[in-house]
Amino acid sequence: MDGVAEYRRSTFSVAYSKDSGTSGVAPPAAAAAPGLNAGFFPARRSTFATSGAAAASDARQLPYALSSSSQLQEKAKKAASLKRGGISIPKRVASQRGSSKKTGAYNVGSKSKIYDTPYFGSALGLSAPGASIPAALVPGAQDGRGAFSRSSMHLEPTTFAESTSQEFRIGSGAVTPPDSGSVTPTSSSASGPSTDDLLDVRAMQLFEQPAEGDDSLPDDQWLAHSEDRGFVRVHTSDGSYSGAERCTLSTTAGELADRIGSRWLFVCDSSGSVRRLSGMEKPLVLQAEKLKEMGYEGRRLQQYGHEAEAGHCIRFYDGKPAGSTREDQVYLPSLVHIKQRSWYNIWRRRYCCICGNRLFLYSNESGKGRPSKVEILTGARTVEFRDKKREHCLCLILQQEADAPMTSYLISFDSWSEHEQWTKLIPKLAKQKPKEVDLSHCSLEALPDVLLNDDNINVLNLTRNYIQSRPTKPQNMHNQPASMRSLRAMKDVKRPFLHSQVESSLPKSGWLDDLLRFRNLHSLTLADNHLMQVPVVLYEITSLRELNLAVNQIEEVPRGISNLRSLQVLHLHSNKLTDLPMDISKLPHLVSLSMGFNRFQEIPHAVHQIQNLKRLVIAGNPLGPLIWSQLGKIGNLEALDARLVPVMESLQDAMLTTKLAYIDLDNMGIKSLYLPPSGSITSMNCCHNKLSSLPMFYSSLTSILANCNRIEELRMQPKPTNLTRLLLSRNQLKELPEEVCDLQKLQVLDVSHNKLTRLPARVFWNMPSLKGIDASFNQLQTLPERIDRCFLERLNLHCNQLSELPVAFLMRATMIKALNLSSNRLTRLPPLGPAREIYHLEELALTDNHLNEQCFSTIAGYKRLKILHIAMNQLGQLPVRCIQELLDLRELTVSRNRLVQLPISSLAKLPELQRIMAHSNQITEIGDLRKIRRLKRLDLACNELGTIGHVTSILSSLNGLDLSANANLNFAAGLPTTLKGMPRAVIEEVPNAEEFLSTVGPHVDYHGLPSHGMWTHGSAEASGNRMRHCAAQVKVQNFRNGRDGLYGVFNGGQNAQIPHQLRVSMAGIVMEEFTGQQETGSGSKPLDYLKYAFLTAHSRLGGLSRKGGASLAIVHIYALSSPTSIAARRSGVPMYRLNVANTGHVQALLSREGKVVPLTKVHTTEDNAEERSRVARTGGFITPEGRVNGLLSATRVVGASFLNPYVIPDPYLHSIELMPSDEMLIIACAGLWLHVTHEEAVRVARTCTSASQAAKSLRDLAQAYGSQGIISIVVVFFNQAMLTGRGRSGSSGSFGGDVN
């Protein structure tokens, strides 16, 4: 343990210091390693070291008698490598150096172990250092055996400046660590035990009492005794030390606080929210519930608190942790010199503070009384200025509106840190509205007192705090906080003192009762405040117009809410409500009621009688089929949100009000739908149901969303002449009725992923409002010939069967800006006609067709073309003259063609060109790329390059370079030095390059050819329209024993730090968990190591997980020691198994003889009904956009701790045996799967000759299909000859040729 070894519980504490060179017994390491239960709490675990001779003389009082230093050293050596039950003991030693703070300390060598004196004194029954030791501490004091009188013993703590003295003072005597095995007592008394003996024995009796059960047992034995046992790790409020405490499910916070000598216990959840625990709450129960929600179980659940790195999911503190309340935004006080030009002539010393977006100025230096002035910081700005006599000066300019009068203050701070705090905080507060105060996510137990002096606050946001109503009377013993229980446990403290101690530690003001002081409060948000009931004091704030009590644990709304006569909006969603009081019907101005994601089984009768209710949210409730007849009684209802209400399979003759304009029926399981034609609905959402037909009910309809159904027929009776949006994606439509062309106001038509063989004849004729058509993923073979007055701007026709376009199509569809014709059967493009200057096309996708270079005669006519995707065609060359015409071209993708060279001289004439994707061609050499001045991304993988001499000249300006799979590549001498300055480079499947690139750095992704020949891999990535690439990959082809492989993809959404952190650590975590599971053997499920790898990775992210989360998939390929399949036994070669774990939207699949074998599940609110139910069950809610609590669409990610327990890191696990017929493994994020189907991905990848080519082809295909987000793909090709035992170890892992 780096100089300090410890052996506890089974003996008394023993410590020695290598720094001091002491071979005997030194004073104990009371501040022991955080992983052991001694921790930083001497009141619970610390003991006094005693001499070997003294121990031998009074062996009857000690658990063990150690008579020589050799025995002590032997015990110390054992303690240094102690591991109990496989639980690793952290090597960190709780020490603190260089401090001059007056605290009690043990001095061990040159290191001191510091203890806060209040802990130490509380344990001994002392109120301060140096106080007399009670007689109860001295063994035999009452029967005459004590060596010292009660009055002669007191403690004198040393200071840190005295750390080299190596002594602990007791009265006037001093105990000095010996230099040899024998110890001479410092006491002058020869008869009876020494001072050390007496104090040590009593300390053992006092401090080493069993916490739960037999405390002398090692941790593993104690833990195995009962499933109700576990560890709770408690941290100091400053976070510097931590210690693991043994607890059971019945251990209360009051008992634990007594044990460690603390007045209170605080708990911090993974989102950073902190609250005070009441005395009767059970810490281990809280921890177990939290961890079970995360996915922990069994032994790992019990051991959690013992681990030194534990605590990110839930953490306990002995006091309120520093910085937990965002103090710089809640309350920022300063004593400054200040003057205002209009009414201050000289500098004056004044107390100022910022609270919310208010600046409070006092007329004194103490900050007592009411502030003399309150300034609103909306629109404020700061300007630096210099003063000859003052330092750290700042000019604060206040001006809420452009034409409002301006007020300025000159402020001089005492320190530069205060100056910086104000400078950083004021610009943030300046963006808030003048009468709004945002104190959300601050873990407040009470409102700041100074804020109660402002009567001009209209909007107050207190989301995610812990503000409660003022207690009406002292709590009884069972409900008292930890401090009162701790104080009452001390017999020498009187009861009146107890009440004063508790009352002094609780806030004097700032309770919910004090909200009455805001006379003009219009909007109050108390969401996520752990409220068990609606505080009745809120009913007295009669000025409220909006009240938000969502995401709490409210089971009942008490009567009296009718007092809020001005209330217009009431949010009660995500609670535990089953009914509402009739008082709600007496709110005359209530127009919006949100009661979704509760436990209503029917709509409360009070809701029927709300006269002016216009918007009702009942989503996510287990309502019965009678809700439609009940809704008909709400006469003025205009908007209804009934998402995720599984009411019935058929919705017919619903009794809906005629005023209803918006209705959301998403995910209700409806098979048939019929609404009365007398209504006036303008917008309807019926996505994700089981509808087979969709009648148009109302002519007033403007928007219909019916994606993801089973619609085969579309009836246009009556005709919705006002329709602007018609979304019918992912259905089973075989044709569209001609009446669609009569919808003159239609702007967007989405019929993708259907079975259409043709489009309506007039769809390209005389539809002036139609701007976008998406007919991709159908079976279209031809397009309508008549094209006139076509105002389309976006047309998606990819993944169809078009062999040619109408002759006049490109000539007359002149307004199109984005045209996608990828994955068809086109062999040529029709001409444009003479009027080329009128064409507006900016994006053209022609990937995966049969086009040759003659198509460029048409493409060259689009002068404004910016993006051209023409990969996977039959281009033999790029026509020089045609390329030069595309002066606005920024991105050129010509991959997987037959190009031998690139026309560098022509490309150099394109001033905007930034990206060239030319992989998988036959390019042998590259010209001088320095002529392409703005080039940022270059992909030359899978070519026949022999040298890259010209490439090295522009490497410093590139953001990305890919040279993978160029077998004949000869690196230039200066390449490694140049690569060091690049953000990203990929060089995979290049032989003999490992030694050459070893000095480059980790940003170069290099992987040579695998030694075993079982598989090869390739990868591809793209940032899309993001400025940062928020994705990463792990590719370990020789994992564990050299025969395994580990591959994964991490997608962080908008966070780049988390995926890159996982890339660095994930392989090591999987190895650690796999090895640990192999060592423990029985009791674990085969895939538990992957599960806990995800949970461990989540925990090790620490505070980083509060900034975002990552979807990921990990695939572990390993050789089975005993093949289980018949084919494996017959082949006689090692058989492999794929173990897969994933969260979020990263998916993996296996291609087996061309058929898709899914390996993962998608964890999103849209695709997984089980996940939607789990989110609602844990208290979360899902917005109409499909986001959990309005933030993430994924329900399982690593990170995103601010959304626990609604979003968790517990992965889906799957295992499958690798068969000889398995061809490839594909792992990719949503950037691919949202645009490319599994079958399409396998079809394209099977036409590739290498894994690198397959990965890059899939990336290009996704971008050609319109993907603009992050793309990250890993492809693994399996060597089928090796799997069947017919190959040799050095053979290639790819299979080639076109696969039909």
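Preceding block: the structure.
Since the model is a prediction, treat every value here as computed from it, not as a measurement.

## Description of the sheet that holds strand S6 (residues 229-235)
So, point 1. As summarised here, the arrangement of the five strands in space is S7-S6-S10-S8-S9, forming an open sheet in which the pairing is mixed. Looking at which strands have only one partner, the edges of the open sheet turn out to be strand S7 (242-248) and strand S9 (274-276). Pairs of neighbouring strands in the sheet enclose a mean axial angle of 35°, with direction left out of account.
So, point 2. The sheet contacts of helix H6 (residues 253-260) involve S6 and S7, and relative to S7 the element is tilted by about 135°.
So, point 3. Where helix H7 (residues 283-294) meets the sheet, it contacts S6, S7, strand S8 (266-269), S9 and strand S10 (314-317), and its direction lies at approximately 100° from that of S6.

## Things to note about the packing of aromatic side chains
The geometry of two aromatic rings is summed up by the distance between their centres and the angle between their planes.
So, point 1. Under the counting rule described, the total for this entry stands at ten aromatic pairs.
So, point 2. Here the aromatic rings of Tyr296 and Tyr304 are separated by 5.4 Å at their centres, their planes lie at 70°, and the arrangement is edge-to-face.
So, point 3. Classification of Tyr296 as buried rests on a relative accessible area of 6%.
So, point 4. Look at Phe777 and Tyr1265: their rings are 5.8 Å apart centre to centre, the planes differ by 85°, and that puts the pair in the edge-to-face class. One end of the pair, Phe777, is in the loop between strand S35 (772-774) and strand S36 (794-796); the other, Tyr1265, is in the loop between helix H26 (1251-1264) and strand S56 (1271-1278), with 488 residues separating them in the sequence. The exposure classification of Phe777 matches that of Tyr1265, with both residues buried.

## Overview of the sheet that holds strand S13 (residues 358-361)
So, point 1. One open sheet accounts for seven strands, arranged S14-S13-S12-S11-S17-S16-S15; its pairing is antiparallel. Only two strands of the sheet have a single partner each, and these edge strands are strand S14 (373-376) and strand S15 (381-384). Looking at each pair of strands side by side, their axes are set apart by 35° on average, direction ignored.
So, point 2. Across seven bridges, strand S11 (residues 332-340) lies against strand S12 (residues 348-355) in antiparallel orientation. Note that in S12 the partner of His337 across the bridge is Arg349.
So, point 3. On top of the sheet, helix H10 (residues 416-429) reaches S11, S12, S13, S15, strand S16 (393-398) and strand S17 (407-412); it is set at about 90° to S11, its chief contact.

## Quick look at the pattern of salt bridges
So, point 1. Applying the stated criterion to the full structure yields 34 salt bridges.
So, point 2. A salt bridge links Arg470 to Asp514; its shortest N-O distance comes to 3.1 Å. Separated by 44 residues along the polypeptide, Arg470 in the loop between strand S19 (459-461) and helix H11 (482-488) and Asp514 in the loop between helix H12 (495-505) and strand S20 (523-525) bring together distant segments of the chain.
So, point 3. When the shortest N-O distance is used, the salt bridge between Arg758 and Glu735 registers 3.7 Å. With Arg758 in the loop between strand S34 (748-750) and S35 and Glu735 in the loop between strand S33 (725-727) and S34, this residue pair connects regions lying 23 residues apart in the sequence.
So, point 4. Accessibility expressed as a relative area gives 37% for Arg758, which makes it partly exposed.
So, point 5. Judged by its relative accessible area of 46%, Glu735 falls in the partly exposed class.
So, point 6. Residues participating in the shared-partner salt-bridge network are Glu1171, Arg1174, Arg1196 and Asp1210.

## Structural notes on a negative patch on the surface
So, point 1. Together, Glu555, Glu556, Asp579 and Glu602 line one region of the surface with negative charge.
So, point 2. Among the secondary structure elements, Asp579 is positioned in the loop between strand S22 (569-571) and strand S23 (592-594).

## Brief notes about the nonpolar core
So, point 1. Core analysis: the biggest nonpolar cluster contains 162 residues, and Leu616, Phe764 and Ile859 have the highest contact counts within it.
So, point 2. Those residues in contact with Phe764 that lie beyond four places of it in its chain are Leu759, Ile773, Leu783, Pro784, Arg786, Ile787, Asp788, Cys790, Leu792, Leu795 and Phe809.
So, point 3. Counting 29 residues, the second-largest nonpolar core is a separate cluster that includes Cys799, Leu1149, Leu1258 and Leu1261.

## Notes on the environment of Val1244
So, point 1. Here Val1244 is to be found in helix H25 (residues 1238-1245).
So, point 2. In this structure, the C-alpha to C-alpha distance between Val1244 and Asp848, residues 396 residues apart in sequence, is 9.2 Å.
So, point 3. Non-local contacts of Val1244, meaning those with residues more than four positions away in its chain, are made with Met872, Arg896, Ser1257, Leu1258 and Leu1261.

## Some thoughts on the pairing of S7
So, point 1. With seven of seven residues buried, S7 is to be regarded as a mostly interior element.
So, point 2. Neither face of S7 is exposed, since Ser242, Ala244, Arg246 and Thr248 on one face and Gly243, Glu245 and Cys247 on the opposite face are all buried.
So, point 3. Bridge count between S6 and S7: seven bridges; the pairing is antiparallel. Among the inter-strand pairings, Arg229 is bridged to a residue of S7, identified as Thr248.
So, point 4. If you look at the hairpin formed by S6 and S7, you'll find six residues sitting between the two strands, and Gly239 has a positive phi there, around 75°.

## Brief notes about the packing of helix H20 (residues 1057-1080) against helix H21 (residues 1088-1100)
So, point 1. Look at H20 against H21: their axes get within 8 Å of each other, and the N-to-C directions meet at 135°. Judged on the interaxial angle alone, H21 and H20 are oblique. You can see that H20 and H21 cross each other, and the crossing is right-handed. Contacts from Leu1062, Met1066, Ile1069, Val1070, Glu1072, Glu1073, Phe1074 and Gln1077 in H20 reach Asp1088, Tyr1089, Leu1090, Tyr1092, Ala1093, Phe1094, Thr1096, Ala1097 and Arg1100 in H21.

## Notes on the packing of H25 against H26
A pair of packed helices is captured by two measures, namely the crossing angle of their axes and the spacing between those axes.
So, point 1. Viewed as axis vectors pointing N to C, H25 and H26 meet at an angle of 135°, and their least axial separation amounts to 9 Å. With respect to their mutual orientation, H25 and H26 come out oblique. The interaxial crossing formed by H25 with H26 has right-handed handedness. Listed contacts from H26 to Glu1240, Ala1241, Val1244 and Ala1245 of H25 are Ala1254, Ser1257, Leu1258 and Leu1261.
So, point 2. Looking at the contact of H25 with H26, its residues break down into six nonpolar, one polar and one charged.

Each value, and the rule that gives it
- Residues numbered from 1 in each chain as written.
- Predicted model: local features only at pLDDT ≥ 70, side-chain atom pairs only at ≥ 80, totals over all residues.
- Heavy atoms only, no water.
- Pairing = 2+ DSSP bridges.
- Helix = DSSP H or I, 4+ residues; strand = E, 2+ residues; numbered from the N terminus.
- Axes fitted to C-alpha atoms, helices over the stretch in contact; angles between N-to-C directions.
- Contact = heavy atoms within 4.5 Å.
- Phe/Tyr/Trp six-rings, centres within 6.5 Å; stacked < 30°, edge-to-face > 60°.
- Buried < 20%, exposed > 50% of the residue type's maximum accessible area, 1.4 Å probe, protein only.
- Salt bridge = Lys/Arg side-chain N within 4 Å of Asp/Glu carboxyl O.
- Patch = residues over 30% accessible without salt bridge, like charges linked within 9 Å, V, L, I, M, F, W, Y side chains within 5 Å.
- Areas by Shrake-Rupley, 256 points an atom, 1.4 Å probe, with all protein chains shown as cover.
- Lys, Arg positive; Asp, Glu negative; His and termini not counted.
- Charge placed at Lys NZ, Arg CZ, Asp CG, Glu CD.
- Core = buried A, V, L, I, M, F, W, Y, C linked by side-chain atoms within 4.5 Å.
- Parallel < 35°, antiparallel > 145°, perpendicular 65-115°, else oblique.
- Left-handed = near helix turned anticlockwise from the far one by under 90°.
- Nonpolar A, V, L, I, M, F, W, Y, C, P; charged D, E, K, R; others polar.

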